[in-house]
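# Descriptive analysis of the structure
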Amino acid sequence: MENKRYLKKFNNQSDYESQKNKVMGMPHVVLLNDIKEMVFVSKNATPSDPFNGYEYVDLGLPSGTLWATKPITNADGEPLYFQWGDTEGWTAEQIQNGEKSFNRDSYKFGKDYPSKYNGDDKKKIIDIEDDAAHINMGGNWRIPTKEQFEELIANTTQEDNGDVKMIAPNGNFINILNGGTAIDNEISKMAIKRIWTASLSENDIDSGYCFYTLGVCGCKEEYRYLGYYIYGVLSE
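As the structure is a computational prediction, the values presented were derived from the model and not from experiment.

## So, the environment of Gly171
Of note, Gly171 is situated in the loop between β7 (164-167) and β8 (173-176). Along the chain, Gly171 and Leu59 lie 112 residues apart, while their C-alpha atoms are 7.9 Å from each other.

Structure below.
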């Protein structure tokens, strides 16, 4: 008997219950954790029911990608800063107290020639074992790639409210929080907002792509040892 995992979107509770009964009656399908693996998404809900403890929102994107409504946090709900490709996050307080410095010397993959994602290994996207969203949020959560951020930008309108409100045509939205940049033992907060993507720079192995805003939204390269917030996505 083949085990299958189902992640499906439903328009309403009636649709969900109907499909649930059909699937549960199928003789050659086993649902992991029974019906818990089926995800009900109301198109009008912002945010939706939590998946693995993190709430997500359906922005009606062409790919069907679902976005987390907040960045990765610790158990107390404090957002965490990450270096690109590192799965251990740190709060602003820990950074400012000197528990973690964000610089070349502290970078997981080395301060000179990176030991991974270095051109020689041909890796362009963070591996699952280095994916902070997957490790910290669990389940199918992943760090969004540069292309997924570009899809988000292209299919929403943006409002700068100190953070960045990304509003979809279906009325749903997420706020991209302005956490600033962790560098050495400081948090630098400016008008520019930056969030890590899972994509390595195409031009510089010392850099990864981040989402940023400076009047308009886009993706640009920043040094991998800098600290930014990370959001998670669920892809079908």
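## Quick word on a negative patch on the surface
A cluster of acidic side chains, namely Asp76, Glu78, Glu93 and Glu99, defines a negative patch on the protein surface. Among the structural elements, Glu99 can be located in the loop between α2 (92-96) and α3 (132-137).

## Structural notes on the packing of aromatic side chains
Applying the stated rule across the entire model yields 9 aromatic pairs. With a centroid separation of 5.7 Å and 75° between ring planes, the pair formed by Tyr107 and Phe109 is classed as edge-to-face. Pair check on accessibility: Tyr107 and Phe109 agree, each one buried. Here the aromatic residues Trp84, Tyr107, Phe109 and Tyr117 are joined through ring pairs into a cluster of three or more.

## Describing the sheet that holds strand β4 (residues 54-58)
Judged by pairing direction, the sheet is antiparallel, and its 4 strands sit side by side in the order β3-β4-β5-β14 without closing on themselves. The open sheet terminates on both sides in strands that have one partner only, identified here as β3 (50-51) and β14 (233-234). Here strand β5 (residues 66-68) runs beside β14; their pairing, made up of 2 bridges, is antiparallel. What sits directly across from Leu66, in β14, is Leu234.

## Here's the deal with the sheet that holds β7
The antiparallel open sheet is built from 3 strands, whose spatial order is β6-β7-β8. The sheet is open, and its two borders are formed by β6 (157-160) and β8, each paired with just one other strand. The mean inter-strand angle of the sheet, taken between neighbouring strand axes irrespective of direction, is 20°.

## Structural notes on unusual backbone geometry
One non-glycine residue, Lys122, lies in the positive phi region at around 65°. By the secondary structure assignment, Lys122 is in the loop between α2 and α3. For Asp184, which is not a glycine, the phi torsion comes out positive at approximately 55°. You can call Asp184 partly exposed: its relative accessible area is 38%.

## A word on the environment of Pro50
The residue Pro50 is located in strand β3 in this model. Between the C-alpha atom of Pro50 and that of Thr69, which follows or precedes it by 19 residues, the distance is 9.8 Å. Every residue in contact with Pro50, bar those within four places of it in the chain, is listed here: Glu55 and Tyr56.

## Quick word on the environment of Asp204
Tracing the sequence through the fold places Asp204 in the loop between β11 (193-200) and β12 (207-214). Classification of Asp204 by relative accessible area gives partly exposed; the value is 28%. Once the C-alpha coordinates of Asp204 and Tyr223 are considered, the two residues, 19 residues apart in sequence, prove to be 9.0 Å apart. Sequence-distant contacts of Asp204, defined by excluding residues within four places in its chain, comprise Glu221 and Tyr223.

## Points about the nonpolar core
By size, the foremost hydrophobic cluster in this structure holds 27 residues, and its most contacted members are Ile72, Trp84, Met137, Trp141, Ile143 and Ile230. Elements that contribute at least two residues to this core include exactly β4, β5, α3 and β11. In this structure Trp84 touches Tyr107, Phe109, Tyr117, Ile126, Trp196, Thr197, Ala198, Ser199, Leu200, Gly208, Arg224 and Leu226, once residues within four positions along its chain are discounted. Listed in part, the 26 residues of the second largest apolar core include Val57, Leu61, Tyr229 and Val233.

## Some points on the pairing of β8
Covered by surrounding structure in β8 are Ile174 and Ile176 only, the residues Phe173 and Asn175 on the alternate face being uncovered. By the bridge criterion, 4 bridges tie β7 to β8 in an arrangement that is antiparallel. Bridging across to β8, Met166 finds its partner in Ile174. As consecutive antiparallel partners, β7 and β8 are separated by 5 residues, and within that stretch Gly171 has a phi angle of approximately 95°, a positive value.

## Considerations on the side chain of Glu151
Within the secondary structure, Glu151 sits in helix α4 (residues 146-154). For Glu151, a relative accessible area of 15% corresponds to the buried category. One polar contact links Glu151 to Ser63, side chain to side chain, over a distance of 2.8 Å. If we skip the residues at most four places from it in the chain, Glu151 touches Leu61, Pro62, Ser63 and Thr65.

Cut-offs used in this document
- Residues numbered from 1 in each chain as written.
- Predicted model: local features only at pLDDT ≥ 70, side-chain atom pairs only at ≥ 80, totals over all residues.
- Heavy atoms only, no water.
- Helix = DSSP H or I, 4+ residues; strand = E, 2+ residues; numbered from the N terminus.
- Patch = residues over 30% accessible without salt bridge, like charges linked within 9 Å, V, L, I, M, F, W, Y side chains within 5 Å.
- Areas by Shrake-Rupley, 256 points an atom, 1.4 Å probe, with all protein chains shown as cover.
- Salt bridge = Lys/Arg side-chain N within 4 Å of Asp/Glu carboxyl O.
- Lys, Arg positive; Asp, Glu negative; His and termini not counted.
- Charge placed at Lys NZ, Arg CZ, Asp CG, Glu CD.
- Phe/Tyr/Trp six-rings, centres within 6.5 Å; stacked < 30°, edge-to-face > 60°.
- Buried < 20%, exposed > 50% of the residue type's maximum accessible area, 1.4 Å probe, protein only.
- Pairing = 2+ DSSP bridges.
- Axes fitted to C-alpha atoms, helices over the stretch in contact; angles between N-to-C directions.
- Contact = heavy atoms within 4.5 Å.
- Core = buried A, V, L, I, M, F, W, Y, C linked by side-chain atoms within 4.5 Å.
- Polar contact = N/O pair within 3.5 Å; in protein donor to acceptor, adjacent residues only side chain to side chain.

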